[in-house]
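Spelled out from the first residue to the last, the chains are:
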Amino acid sequence: MARLDLDDLPPKIAALLSGLPEGEELVLVQHGAVVARLTAAASPPAAEPAPELPPEQRMAEVFEDFRAAVEDEF
């Protein structure tokens, strides 16, 4: 699949592409001929953030990771 980063485009074109409502069609034309048709899709729902661990449990994980790294190194 081809990928186009909106940050690499001029601001006016990026705004046009990102502002298309769901289902809206964009026609790409070159020298008067239709090159492609793009249909805007809905953005995927945002992923739910992972629940925060209590500080004690998070600290235990950090120390365990550190201990494992030290053992792997030596």
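Details of the confidence of the model for the protein
(1) Moving on: Of the residues in the protein, 95% reach a pLDDT of 70 or more, and the chain-wide mean stands at 83.
(2) Moving on: The least confident element of the protein is helix α2 (residues 55–73), whose mean pLDDT is 81; the most confident is strand β1 (residues 25–30), at 91.

Focus on the pairing of strand β2 (residues 33–39)
(1) Moving on: As judged from the six bridges shared by β1 and β2, these two strands associate in the antiparallel manner. Looking across to β2, one finds that Leu26 is bridged to Leu38.
(2) Moving on: In sequence, β1 turns back onto β2 through a hairpin of two residues, with His31 there showing a positive phi of about 55°.

Some thoughts on the environment of Arg37
(1) Moving on: On the secondary structure map, Arg37 appears in strand β2.
(2) Moving on: Classification of Arg37 by relative accessible area gives exposed; the value is 52%.
(3) Moving on: Each C-alpha atom, one on Arg37 and one on Lys12, is 19 Å from the other, the two residues being 25 residues apart in sequence.
(4) Moving on: Excluding its chain neighbours within four sequence positions, the residues that come into contact with Arg37 are Glu25, Leu26 and Val27.

A word on the pattern of salt bridges
(1) Moving on: Evaluated as defined, the whole model comprises three salt bridges.
(2) Moving on: The closest approach of N and O atoms between Arg37 and Glu25, which form a salt bridge, is 3.1 Å. Of this pair, Arg37 sits in strand β2 while Glu25 is found in strand β1, placing the two residues twelve residues apart along the sequence.
(3) Moving on: Salt bridges linked by common partners bring Glu64, Arg67 and Glu71 together as one network.

Remarks on unusual backbone geometry
(1) Moving on: At His31, a position not held by glycine, the phi torsion is positive, near 55°.
(2) Moving on: Looking at the secondary structure, you find His31 in the loop between β1 and β2.
(3) Moving on: A relative accessible area of 80% means that His31 is categorised as exposed.

So, how was this worked out
- Residues numbered from 1 in each chain as written.
- Predicted model: local features only at pLDDT ≥ 70, side-chain atom pairs only at ≥ 80, totals over all residues.
- Heavy atoms only, no water.
- pLDDT = per-residue confidence, 0-100.
- Helix = DSSP H or I, 4+ residues; strand = E, 2+ residues; numbered from the N terminus.
- Pairing = 2+ DSSP bridges.
- Buried < 20%, exposed > 50% of the residue type's maximum accessible area, 1.4 Å probe, protein only.
- Contact = heavy atoms within 4.5 Å.
- Salt bridge = Lys/Arg side-chain N within 4 Å of Asp/Glu carboxyl O.

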